[in-house]
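Letter by letter, the chains look like this.
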Amino acid sequence: SLRINKPSPISKPIEEILSDVVTSKYLIRPSYQRQEKISVIKASSIIESTLLGIYLPPIFIYKRKSGEKEVVDGQQRLLSVISFLGKQYRNEKGECIWNDAREYRVD
């Protein structure tokens, strides 16, 4: 009775995650997360690893009972991919915004 039931991990294509980020309540930067501090060089290495087929550590998402999702771990990786693809994401106010580091995005 003292065991914690932990959910099974699932794998989703990045296109599906990006669709969720733009169309639903998806907090990439919840209040308890640190602000983005990733450099363009580090973000570029995340993209390079992805393009070379090197698996990145998983992104952990918490889904509230209300259906709202928030990034618990993986904010920098997710924001790097969003920036590279030239996409926007919704902030905590529901506004579509650009990521801070967009210098290396694909147009």
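Quick note: structure is the one above.
In this text the structure is predicted, and so the values were computed from the model without any measurement.

Caption draft 1: Quick look at the overall build of the chain. Along the chain, the regular secondary structure elements total 3 helices and 5 strands. Traced from its N-terminal end to its C-terminal end, the chain shows the element sequence α-β-α-β-β-α-β-β. Within the span of the chain, comprising 107 residues, buried residues form 34% of the whole. Residue pairs in contact within the chain that sit at least 24 positions apart in sequence constitute 57% of those at least 6 positions apart. For the chain, the accessible surface area stands at approximately 7700 Å², while carbon and sulfur atoms represent 55% of it.

Caption draft 2: Examining the pattern of salt bridges more closely. All told, the structure shown has 6 salt bridges when counted by the stated rule. Its salt-bridge partner being K12, residue E16 comes within 3.7 Å of it at the nearest N-O pair. Residue class for E16 comes out partly exposed when judged on its relative accessible area of 39%. By relative accessible area, which is 30% here, K12 ends up partly exposed.

Caption draft 3: Spatial organisation of the sheet that holds strand 3 (residues 69-73). Taking strand neighbours across the sheet as the criterion, the 3 strands line up as 1-3-2 in an open arrangement whose pairing is mixed. Only two strands of the sheet have a single neighbouring strand rather than two, namely strand 1 (26-27) and strand 2 (60-63). By the bridge criterion, 2 bridges tie strand 1 to strand 3 in an arrangement that is parallel. If you follow L27 over to strand 3, its bridge partner there is E70.

Caption draft 4: Representation of the nonpolar core. In terms of nonpolar packing, the biggest core is built from 10 residues, these being I17, L18, V21, Y26, I28, V71, L78, L79, I82 and Y89. Contributing elements (two or more residues each) for this core: helix 1 (14-23) and helix 3 (75-84). Aside from chain neighbours lying at most four places away, what touches Y26 is I17, D20, V21, I61, K69, V71, L78 and R90.

Caption draft 5: Representation of a nonpolar patch on the surface within the structure. A cluster of nonpolar side chains, namely Y32, F60, Y62 and V72, defines an oily patch on the protein surface of about 430 Å² accessible area. Within the fold, V72 resides in strand 3.

Reading the values: the criteria
Residues numbered from 1 in each chain as written. Predicted model: local features only at pLDDT ≥ 70, side-chain atom pairs only at ≥ 80, totals over all residues. Heavy atoms only, no water. Helix = DSSP H or I, 4+ residues; strand = E, 2+ residues; numbered from the N terminus. Buried < 20%, exposed > 50% of the residue type's maximum accessible area, 1.4 Å probe, protein only. Contact = heavy atoms within 4.5 Å. Areas by Shrake-Rupley, 256 points an atom, 1.4 Å probe, with all protein chains shown as cover. Salt bridge = Lys/Arg side-chain N within 4 Å of Asp/Glu carboxyl O. Pairing = 2+ DSSP bridges. Core = buried A, V, L, I, M, F, W, Y, C linked by side-chain atoms within 4.5 Å. Patch = residues over 30% accessible without salt bridge, like charges linked within 9 Å, V, L, I, M, F, W, Y side chains within 5 Å.

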